[in-house]
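So you can see what is in the structure, the chains are spelled out below.
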Amino acid sequence: MSAINSISTTSLPADIRAAGTDAVKDYKSAVGFEQMLAGQLVKSMVSESSLGEGPYASTMQDTLTSALTGGQGLGLARQIYKEMQS
């Protein structure tokens, strides 16, 4: 993705918000990493297909990445956050 989407604090899980500002900061970092990783995976997957070409390829890749990581994401952010807390 060209830019990591801004992450609203209200969209974070309740237990993260209740844990304080450091937990929120760490979780947002984990979500940002998940978004970046998913973006690179999407880019790699479509680079060898017709989806990776054309004037709208970047927009399509960003939209696909946002769809994959939206909502509760892939679950990777939660795991990364847990490791950061260890």
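Structure shown above.
Residues numbered from 1 in each chain as written. Predicted model: local features only at pLDDT ≥ 70, side-chain atom pairs only at ≥ 80, totals over all residues. Heavy atoms only, no water.

(A) Spatial organisation of helix H2 (residues 21-46). End to end, H2 covers 37 Å across 26 residues, agreeing with the expected 38 Å (1.5 Å per residue, within 8%). Among the residues making up H2, those that are buried are Ala23, Val24, Tyr27, Ala30, Val31, Gly32, Glu34, Gln35, Ala38, Gly39, Val42 and Val46. Tucked inside the fold, the buried residues of H2 contact helix H1 (14-18), helix H3 (57-69) and helix H4 (76-85). (Helix = DSSP H or I, 4+ residues; strand = E, 2+ residues; numbered from the N terminus. Expected span 1.5 Å × (residues − 1). Buried < 20%, exposed > 50% of the residue type's maximum accessible area, 1.4 Å probe, protein only. Contact = heavy atoms within 4.5 Å.)

(B) Layout of the environment of Lys43. If you trace the backbone, Lys43 turns up in helix H2. Relative accessible area serves as the criterion here: at 47%, Lys43 is assigned to the partly exposed category. On a C-alpha basis, the gap between Lys43 and Asp62 in space is 8.9 Å, while along the polypeptide they are 19 residues apart.

(C) Representation of the layout of surface pockets. In this structure, the largest pocket spans a volume of roughly 380 Å³. Taken together, 19 residues line the largest pocket, and the ones lying closest to its centre are Val31, Thr69, Gly71, Gln72 and Gly73. When residues of the lining of the largest pocket are traced back to their parent elements, those giving at least two are H2, H3 and H4. In terms of residues, the lining of the largest pocket owes the most to one element, H2, which gives four residues. (1 Å grid on protein atoms, 1.4 Å probe; cavity = no way out; pocket = protein on both sides within 12 Å on 5 of 7 lines; lining within 4 Å. Points joined across faces, edges and corners; volume = space filled by probe spheres on them.)

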